[in-house]
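# A closer look at the structure
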Amino acid sequence: MALLRPSPAGRYLDATVGLGGHAEALLRASGPTGTLLGTDRDGDALVRARHRLAPFGDRVTLRQGRYEDLGRLVGEDARFDGILFDLGASSLQLDAADRGFSFGREGPLDMRMDRGVGLPAADLLRRIPEDELADLIYRWGEERWSRRIARAIVSAREERPIRTTTELAAIVMRAVPRRLWPRHIHPATRTFQAIRIAVNEELTGLEGALEEATRLLIPCGRVAVISFHSLEDRIVKRTWRRLEADTGLHILTKRPIVPGEAEQAANPRSRSAKLRAAERPDGVSEEH
């Protein structure tokens, strides 16, 4: 909130509205007349957000879609004082066993953020060749044991299809030597992350979405991004540095803001979060 500086009558965009927590904070801080447009690809999340934000009436508008399509979702002439991206999977997705995101809850191996689009993770794992699977796990999960894990998955699927989250987690755990399991995360964390990113094509359009966000800001408007792993954070840093050189974008956080010990204790999922923010300069060309 401090970085976005919400103010009365301001116009804000939450490009990953999720359950509406950040949106609610922005609406409260920009009262009584500030407005917010919230977008999310997950229809289930929008139902929950709509209920949570109902007290704000016509100050809030919610639309379903991917942040890669921001220009279409918000309209060509829309401009905002502040824009927020909260990347990755939401708590709703992680906590709902039937969504298939969590290795700690047995459920169908789905992982789609929009269950009406694309193929579930089980279908991906049934079809993908071993070498492509190993590359995927290494690229999107930064998993050093990617080849052993891919080999174990292929061996297991030859016996029977891998249909549940706990089946996949058990395969990964057996593939990685117990003495070499990571100390602070579950051994299947990086594999699940990689498969989720691949299923949802999460990083494909992030750079373009960040560029579009700067175009949608008013002069001196601000954009903030919360990322949860190094792949996302790297794209944010690289994109903003290029825009800093090309357009004069002012990066407000030379180093990311990270949660302190108290926040991590209260919310363990915040431990890997990084917050960065930037400001559109006055007078930047619309073509950027």
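Residues numbered from 1 in each chain as written. Predicted model: local features only at pLDDT ≥ 70, side-chain atom pairs only at ≥ 80, totals over all residues. Heavy atoms only, no water.

## Here's the deal with the sheet that holds strand β5 (residues 217-227)
This is how it is decided: For two strands to be treated as a pair, DSSP must find at least two bridges joining them. Secondary structure counts use DSSP, requiring at least four H or I residues in a row for a helix and at least two E residues in a row for a strand, with both numbered from the N terminus. Should any heavy atoms of two residues lie within 4.5 Å, those residues are counted as being in contact. Whenever a helix is involved, its axis is fitted only over the stretch in contact; in every case the axis is a line through C-alpha atoms, and angles between N-to-C directions fall within 0 to 180 degrees.
Spatially, β3-β2-β1-β4-β5-β7-β6 is the arrangement adopted by the 7 strands of the open sheet, whose pairing is mixed. Both edges of this open sheet fall to β3 (60-64) and β6 (250-251), since each of them pairs with a single strand only. In this structure, β6 lies alongside strand β7 (residues 274-279), joined through 2 bridges in antiparallel fashion. In the sheet register, Ile251 faces β7, and the bridge partner there is Ala278. Strands β2 (35-40) and β3 of the sheet are contacted by helix α2 (residues 43-53), whose axis makes an angle of about 170 degrees with β3.

## Quick notes on the side chain of Arg280
Basically, it comes down to this: Polar contacts here mean pairs of N or O atoms no more than 3.5 Å apart (in protein, one a potential hydrogen donor and the other a potential acceptor; neighbouring residues in sequence count only if both atoms are side-chain atoms).
With respect to the secondary-structure elements, Arg280 resides in the segment after β7. Within the structure, Arg280 has its side chain in polar contact with the backbone oxygen of Arg215 (distance 2.9 Å).

## Considering helix α7 (residues 146-159)
Inclusion rule: Take the number of residues in a helix, subtract one, and multiply by 1.5 Å to get its expected span. Relative accessible area decides the class of each residue, using a 1.4 Å probe on protein chains only: under 20% of the type maximum gives buried, over 50% gives exposed, and in between gives partly exposed. As used here, the arc is the angular range of directions from the helix axis to the C-beta atoms.
Over its 14 residues, α7 extends 20 Å from the first C-alpha to the last, a length consistent with the 20 Å expected when each residue adds 1.5 Å. Listed as buried for α7 are Ser146, Ile149, Ala150, Ile153, Val154 and Ala156. Along the axis of α7, the buried residues cluster in a sector spanning 165 degrees; they form a single face. Those residues of α7 that are exposed and angled more than 90 degrees off the buried face are Glu158 and Glu159. Looking at the buried side of α7, the elements it contacts are α5 (121-127), α6 (130-141), α8 (165-175) and α9 (189-200).

## Some thoughts on the environment of Leu216
Position of Leu216 relative to the elements: it lies in helix α10 (residues 206-216). According to the relative accessible area criterion, Leu216 is buried, its value standing at 0%. Residues Leu216 and Gly82 lie 134 residues apart in sequence; the distance between their C-alpha atoms is 9.2 Å. What Leu216 contacts, discounting residues up to four positions off in sequence, is Leu13, Leu70, Val74, Ala78, Arg79, Phe80 and Ile83.

## Considerations on the pairing of β2
The condition that has to hold: Handedness of a crossover is defined as follows: orient the strands so they point away from the viewer, and if the path from the first strand over the helix to the second runs clockwise, the crossover is right-handed.
Most of β2 is tucked away, with 5 of its 6 residues classed as buried. One ladder, built from 4 bridges, connects strand β1 (residues 11-14) with β2; its direction is parallel. From the neighbouring strand, Tyr12 faces β2, where its bridge partner is Leu36. Considered for its hand, the β-α-β crossover made up of β1, helix α1 (residues 21-29) and β2 is right-handed. Relative to β3, β2 is paired through 5 bridges, and the arrangement is parallel. What sits directly across from Thr39, in β3, is Arg63. Since β2 and β3 lie parallel, the crossover through α2 that links them has a hand, and here it is right-handed.

## Structural notes on the nonpolar core
If you look at soluble globular proteins, the nonpolar side chains tend to sit buried side by side. Test applied: To qualify as a nonpolar core, a set must consist of buried Ala, Val, Leu, Ile, Met, Phe, Trp, Tyr and Cys residues joined through side-chain atoms within 4.5 Å.
By size, the foremost hydrophobic cluster in this structure holds 61 residues, and its most contacted members are Val74, Ile83, Phe85, Ile153, Leu168, Val223 and Trp240. Leave out the neighbours within four places in its chain, and Phe85 touches Ala15, Thr16, Tyr67, Leu70, Ala209, Leu210, Ala213, Val223, Ala224, Val225 and Ile226. Counting 19 residues, the second-largest nonpolar core is a separate cluster that includes Tyr12, Leu26, Leu46 and Ala273.

## Considering the packing of aromatic side chains
Working definition: an aromatic ring pair is given by the centre-to-centre distance plus the angle between the planes. Filter applied, for reference: Any two rings among Phe, Tyr and Trp, with Trp reduced to its six-membered ring, count as a pair given centres within 6.5 Å; such a pair is stacked if its planes are under 30 degrees apart, edge-to-face if over 60, and tilted if neither.
Following the criterion strictly, the structure yields 2 aromatic pairs and no others. Ring centres 5.5 Å apart and planes at 85 degrees place the aromatic pair Phe103 and Phe192 in the edge-to-face group. Placement of the pair is Phe103 in the loop between α4 (91-95) and α5 and Phe192 in helix α9, with a sequence separation of 89 residues. Taking relative accessible area as the criterion, Phe192 reaches 3% and is therefore assigned buried.

## Topic: α1
Within α1, the full set of buried residues consists of Ala23, Glu24, Leu26 and Leu27. Seen end-on, α1 carries its buried residues on one side only, within an arc spanning 165 degrees. Its buried side turned inward, α1 meets β1, β2, α2 and β3.

## A closer look at the environment of Met111
By the secondary structure assignment, Met111 is in the loop between α4 and α5. Taking the relative accessible area as the measure of exposure, Met111 reaches 0% and is therefore buried. Spatially, the C-alpha atoms of Met111 and Phe101 are 5.0 Å apart, while their sequence positions differ by 10 residues. When near neighbours in sequence (up to four residues on either side) are disregarded, Met111 contacts Arg99, Gly100, Phe101, Ala121, Phe192, Ile195, Arg196, Val199 and Asn200.

## Regarding unusual backbone geometry
For the bond running from Gly31 to Pro32, omega is 5 degrees, close enough to zero to count as cis. The topology assignment puts Pro32 in the loop between α1 and β2. Even without a glycine there, the phi angle at Ala9 is positive, about 75 degrees. By secondary structure assignment, the location of Ala9 is in the segment before β1. Backbone geometry places Met111, a non-glycine residue, at a positive phi of 75 degrees.

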